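Examining the three-dimensional arrangement
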Amino acid sequence: MNFQPIDETSPDQLALEIKGVSKAYSRFPALNNVSLQARDKEFLALLGPSGSGKTTLLRVLAGLEKPDAGEVRFGGEDFLALPVRRRRVGMVFQHYALFRHMTVAQNIAFGLTVRPASERPAKSEIDDRVAKLLALVQLDALGGRFPSQLSGGQRQRVALARALAIEPRMLLLDEPFGALDAQVRRELRRWLRELHDQAGVTTVFVTHDQEEALDLADRVAILKDGELVQIGTPNEVYDNPATPFVFDFLGPSCRIPGVVDSGQLRVADWESAAAPGAPTGAVELFFRPDEVAFAPADGLGLPMHVQGFAQRGPDVRIDCRIGDQAFELQCRGDDLPPGVSVGSEARVRPMRPQVYAA
Amino acid sequence: MMRAIRLPGAAPLMLALTLAVLGVLIVLPLGVVFQQALSKGLDAYLDPLKQPDALAAIRLTLTVAAISVPLNAVFGVMAAWAISKFEFKGKSLLITLIDLPFSMSPVVSGLVWVLLFGAQGWFGEWLIAHDVRIIFATTGLVLATVLVTLPFVARELIPLMQDQGADEEAAALTLGAGGFTTFWRITLPNIRWALLYGVLLCNARAMGEFGAVSVVSGSIRGLTTTLPLHIEVLYNDYDFVGAFAAASVLASLGLVTLVLKTLLEWRHAGELSAHRRN
């Protein structure tokens, strides 16, 4: 990935600046002092579970919600002072919000036809633009259809074309793949990324699907309970989750209690050097169930009792107990690792453990 | 496994019962209205309808409906818009208030205007001093009708608009549309059939309302008697042919509304299925 970190000293690279934005709905805080930035042409994911405030933040950017406090700037301009219709953000809604009584072509043309007469392109020019956008989203033949006559994936592309028609300064996508089945979702994901790179528009998209965020975005902002927990490139957040929540949210995880004492991490009877900067005292050790190395009972690692295994495509799932906790670990191959057998003791060593204060 | 219970002959029996009930309760009385009206021949039927009082009653009924229905259409759209597209405190109270005229006797809906604007009412003296007539005048009839028919349009629109949500409007705003454009080009087309349907129901009730109108009317012949009141006056005068002739006109107005409603439903259904076709 040829990602370049944001240079905080050159603001002209920055497109979007969000500073200390808070928003509460009748005492329940939806956003709490959220600050983040996006570079020009960046593809930024807002990732979090439902209720984390990610959609609220997106609607604040669109102007559909007014924050109680904070600042939003776009291209140096005070965005909060602009009403929705003057922000020129293209928004794709979760359920697309296509105008059901208009054809696909009319939907796409809407943003152009509502312009004041002095700025409105000529009829033929609008038709041209619509045809180009239909081609861009690969729906050339469907301009005359109504939204209800389209599949989910087609609707989503119409919504995207409609948003792009106004030549938006920023593109906002709310769970763009949420209502689609898995295969369509993966296809559209790649296509959307290509489209973004072509169009060169700063894009913010909301998702609760960590795989989608990590796969698609330049940077991922992880939210929880209305607060920004971590922001970084997919590799940064995946390799160094800031909190147990982030670790847990980004993929399957195993946790096990331990102790860090004078630079040594001790879990059960296994001791290893603690990572620099690890907290001392009671800790929790987190690791991914597929980032482990197995060894016979006299080897290195956590003592485990192997209870069973199952073949899963290219992987083997190993059911085991470590102390009194049950785990499902994974390794590649079509048999148990050497030295490990069902019903016996073995050892397992997390390859990339994360340690958090308990 | 549960299976649907099959009773041989149940469907024809139910259908026969339904038809019998409809026949006795609706078709028969409606037939009687026209039979009675025409019992003494076409001339005897048409004659009472040519009377100035009768014509005045028809005109007044149409006038009152022509004023009340648009008022309630506008009110209904505004109320449904506010309730379905915005969050605010006291929303359920507002919905209950809109329903109130449905649960309240129409006589009460008439009486409140007398209590407010009648000679002995709160504003009675002031109105008399300024020579403004509300009770025993068209204004009063309109007020009473508006109150009774208040829920029709709003009730028709609220569930639909709640179901549709505010996303399309939000989308229109992000695409640069202003408030009025959004309403005119997005909201209104989405609710047009429900709105027309509500307006028709509202109109039918506005023309047929008796109780509330009767309280504020004072039954001044040729001036404040609407068609339903005119029928009562004639009936009380033992002018049965006249009463039934007027009743047949009122019934016809209702039937026209019904036919329009049915046509709309057909049209709407056609549009719906066209949209569902893939």
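Residues numbered from 1 in each chain as written. Chains lettered and ligands numbered in written order. Predicted model: local features only at pLDDT ≥ 70, side-chain atom pairs only at ≥ 80, totals over all residues. Heavy atoms only, no water.

Considerations on the confidence of the model for chain A
Scored by pLDDT, chain A has a mean of 89; 96% of the residues are at 70 or more. In this model residues 1-11 of chain A is a low-confidence stretch, pLDDT under 50, and it forms 13 contacts with partners more than four residues away in sequence or in other chains. (pLDDT = per-residue confidence, 0-100. Contact = heavy atoms within 4.5 Å.)

Describing unusual backbone geometry
Among all residues except glycine, the phi angle is most often negative; among peptide bonds, the trans geometry is most common. All names here are of chain A. In this structure, Lys41 is a non-glycine residue whose phi angle is positive, near 65°. Mapped onto the elements, Lys41 comes out in the loop between β2 (28-39) and β3 (43-47). Looking at Lys41, the relative accessible area reads 45%, which means it is partly exposed. Of note, Tyr96 is a non-glycine position whose phi angle comes to about 75°, a positive value. Residue classification places Tyr96 among the buried positions, given a relative accessible area of 5%. (Helix = DSSP H or I, 4+ residues; strand = E, 2+ residues; numbered from the N terminus. Buried < 20%, exposed > 50% of the residue type's maximum accessible area, 1.4 Å probe, protein only.)

Some remarks on the interface of chain A and chain B
On the chain B side, the residues contacting the 25 residues of chain A number 23 residues. A combined buried area of about 2100 Å² lies between chain A and chain B, and 58% of that area is made up of carbon and sulfur atoms. Interface area lost by chain A to chain B is led by Arg85(A), Arg100(A) and His101(A), which between them contribute 28%. Joining chain A to chain B, the criterion identifies 1 salt bridge. When the shortest N-O distance is used, the salt bridge between Glu168(B) and Arg100(A) registers 2.7 Å. Applying the counting criterion to the chain A and chain B interface returns 5 residue pairs in polar contact (both at pLDDT 80 or more). (Buried area = accessible area lost by both parts, 1.4 Å probe. Salt bridge = Lys/Arg side-chain N within 4 Å of Asp/Glu carboxyl O. Polar contact = N/O pair within 3.5 Å; in protein donor to acceptor, adjacent residues only side chain to side chain.)

Notes on the sheet that holds strand β8 (residues 202-207) of chain A
Residues and elements named next belong to chain A. Strand order across the open sheet formed by 6 strands is β6-β7-β8-β3-β9-β10, with mixed pairing between neighbours. Among the strands making up the open sheet, the edge pair consists of β6 (89-92) and β10 (227-232). Averaged over all neighbouring strand pairs, the angle between strand axes comes to 15°, with direction disregarded. In this sheet, strand β7 (residues 170-174) lies alongside β6 in parallel orientation, the contact comprising 4 bridges. The partner of Met91 across the bridge, within β7, is Leu172. The strands touched by helix α1 (residues 54-62) within the sheet are β3, β6, β7, β8 and β9 (219-224), with β7 carrying the most contacts at an inclination of about 150°. (Pairing = 2+ DSSP bridges. Axes fitted to C-alpha atoms, helices over the stretch in contact; angles between N-to-C directions.)

Section: the pairing of β9(A)
All names here are of chain A. Burial analysis of β9 places 5 of its 6 residues in the buried class, which makes it a mostly covered element. Sheet topology places β3 next to β9; 4 bridges connect them, and they run parallel. Across the sheet, Leu46 pairs through a bridge with Ala221, a residue of β9. Bridging between β9 and β10 involves 5 bridges; their strand directions are antiparallel. From the neighbouring strand, Ile222 faces β10, where its bridge partner is Gln230. The antiparallel hairpin formed by β9 and β10 contains 2 residues in its connecting segment, where Asp225 sits at a positive phi of about 45°.

Describing the side chain of Thr257(B)
Residue and element names in this part refer to chain B. Locating Thr257 in the fold gives a position in helix α13 (residues 240-276). For Thr257, a relative accessible area of 7% gives the class buried. Here Leu253 takes part through its backbone oxygen, which lies 2.8 Å from a polar atom of the side chain of Thr257. Ignoring any residue separated from it by four or fewer positions in sequence, one finds Thr257 in contact with Leu200, Asn203, Ala204 and Met207.

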